[in-house]
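Each chain, letter by letter, is given below.
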Amino acid sequence: GRAFIVRNTARHSGLWNWTCASIREDAMFQDAEGQLSYAGDGKTARLSEPWEDKAVPTAARHLDSKAPRRGSLYFGIKDLQFEDTHVPASWSSPMLERIQNLTRLPRYMDPRN
């Protein structure tokens, strides 16, 4: 197969105008925690705090000069629906439902997939 890019797919999604800043300022998500990538031991930081100060350096910086220097903050709220995953206690079903309700499949995707 060949990879391809479909531009503006999310334009019609309810998440289109969401940014890091708007999520940090949203009352529902302010106190939610994200998982600090590469930090180990399930270390987290609140979405509303300057988590960049806690970000851990990545090994990729030694391999590629364009690679991110530090790990990201992962807010994998979708994992809340699975019993076998570790999720921060600050995540809630209403958060997940809000994201789910704002997420729409693009017209070209079959909803059965």
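For the structure itself, consult the block above.
Residues numbered from 1 in each chain as written. Predicted model: local features only at pLDDT ≥ 70, side-chain atom pairs only at ≥ 80, totals over all residues. Heavy atoms only, no water.

Draft legend 1. Up close: the overall build of the protein. Scanning the protein for helices and strands turns up 2 helices and 3 strands. With respect to the principal axes defined by its C-alpha atoms, the protein has extents near 40 × 35 × 30 Å. When burial is assessed residue by residue, the protein has 23% of its 113 residues classed as buried. Roughly 8600 Å² of accessible area belongs to the protein as shown, and the carbon and sulfur atoms make up 52% of that amount. Across the protein, the mean location of the 16 positive side-chain charges is 11 Å away from that of the 14 negative side-chain charges. (Helix = DSSP H or I, 4+ residues; strand = E, 2+ residues; numbered from the N terminus. Buried < 20%, exposed > 50% of the residue type's maximum accessible area, 1.4 Å probe, protein only. Areas by Shrake-Rupley, 256 points an atom, 1.4 Å probe, with all protein chains shown as cover. Lys, Arg positive; Asp, Glu negative; His and termini not counted. Charge placed at Lys NZ, Arg CZ, Asp CG, Glu CD.)

Draft legend 2. Broad picture of the pairing of strand S1 (residues 33-36). In this sheet, strand S2 (residues 44-46) lies alongside S1 in antiparallel orientation, the contact comprising 3 bridges. Residue pairing for S2: Gln35 is matched across the bridge by Thr44. (Pairing = 2+ DSSP bridges.)

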